[in-house]
Amino acid sequence: EQTKKDSLTGLLNRKAFKYDIRTNPKEITALLSIDMNGLKAINDNQGHIVGDDALTTLALCFTKALRTGESGYRIGGDEFAIVGHRISQSEMLELAKRIEGSVEKTEYSCSIGYSYNDGGEKTVEQMLKEADEMMYSNKARYYAESGKDRRAASI
């Protein structure tokens with residue numbers, strides 16, 4: 001079990017994610033791609049301990065939002081994924097809203113993208129690409145609307 005968990009956040013790790021998306025991919029009906037906004041600025045200005053606290057706070061938001069058939073993963077530094085097994089499109093949208101609502105109660109923010117596949121016409125790779133494209137579009141909109149520079153060290 002220890003080898004499947006991310007030691008910082010307690011979420012499942014990238015290795016578990018890779019394994020899980022290869023195992024019974026036809027059961028995956030929803031995939032969410034999540035990326036934290038502003039982690040670089042937090043790390044550069046307040047230190048990596050504060051950045052780690054931000055990541056664990058977000059992970060707790062994700063964990064609280066998960067229901068049966070939904071698994072959360074930390075797949076990179078500030079990159080997360082949620083896989084929904086046999087959940088409906090409305091359940092996926094409700095999950096995204098629960099995450100957004102929980103994160104809004106913190107001082108942090110994240111960008112979310114998702115993909116849904118109930119007919120089996122999409123591969124997991126296609127779902128990942130679609131969810132990532134939406135997430136990056138939402139991230140670009142966040143930075144444009146906030147006036148913050150995504151690559152800048154200042155917050």
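Just above, that's the structure.
Fair warning: this is a prediction, and the values are worked out from it, not measured in the lab.

1. Observations regarding the overall build of the protein chain
Looking only at helices and strands, one finds 5 helices and 4 strands in the protein chain. In sequence order, the protein chain lays out its α and β elements as α-β-α-α-β-β-α-β-α. The C-alpha radius of gyration of the protein chain comes to 15 Å, within 12% of the 15 Å expected for a compact globule of 155 residues. Relative to all contacts within the protein chain whose residues are 6 or more apart in sequence, the contacts with residues 24 or more apart total 65%. Within the structure as shown, the protein chain displays about 8600 Å² of accessible surface, and the carbon and sulfur contribution to it stands at 48%. A gap of 2 Å separates the mean positions of the 22 positive and 24 negative side-chain charges of the protein chain.

2. Some points on the packing of aromatic side chains
Centre-to-centre distance and the angle between the planes together describe a pair of aromatic rings. This model, assessed by the stated rule, comprises 3 aromatic pairs. An angle of 70° between the planes, with centres 5.2 Å apart, marks the rings of Phe-17 and Tyr-73 as edge-to-face. Taken together, the residues Phe-17 in helix 1 (residues 14–22) and Tyr-73 in strand 2 (residues 70–74) connect sequence positions 56 residues apart. The class for Tyr-73 is buried, based on a relative accessible area of 0%.

3. A short note on the sheet that holds strand 2
Pairing within the open sheet is antiparallel, and its 4 strands lie in the order 2-3-1-4. With partners counted over all chains shown, the strands left at the sheet margins are strand 2 and strand 4 (109–116), one partner each. Here the average twist between neighbouring strands, direction ignored, is 20°. As paired elements, strand 2 and strand 3 (residues 79–85) share 5 bridges and run antiparallel to each other.

Calculation rules
- Residues numbered from 1 in each chain as written.
- Predicted model: local features only at pLDDT ≥ 70, side-chain atom pairs only at ≥ 80, totals over all residues.
- Heavy atoms only, no water.
- Helix = DSSP H or I, 4+ residues; strand = E, 2+ residues; numbered from the N terminus.
- Rg over C-alpha atoms; globule rule 2.2 N^0.38 Å.
- Contact = heavy atoms within 4.5 Å.
- Areas by Shrake-Rupley, 256 points an atom, 1.4 Å probe, with all protein chains shown as cover.
- Lys, Arg positive; Asp, Glu negative; His and termini not counted.
- Charge placed at Lys NZ, Arg CZ, Asp CG, Glu CD.
- Phe/Tyr/Trp six-rings, centres within 6.5 Å; stacked < 30°, edge-to-face > 60°.
- Buried < 20%, exposed > 50% of the residue type's maximum accessible area, 1.4 Å probe, protein only.
- Pairing = 2+ DSSP bridges.
- Axes fitted to C-alpha atoms, helices over the stretch in contact; angles between N-to-C directions.

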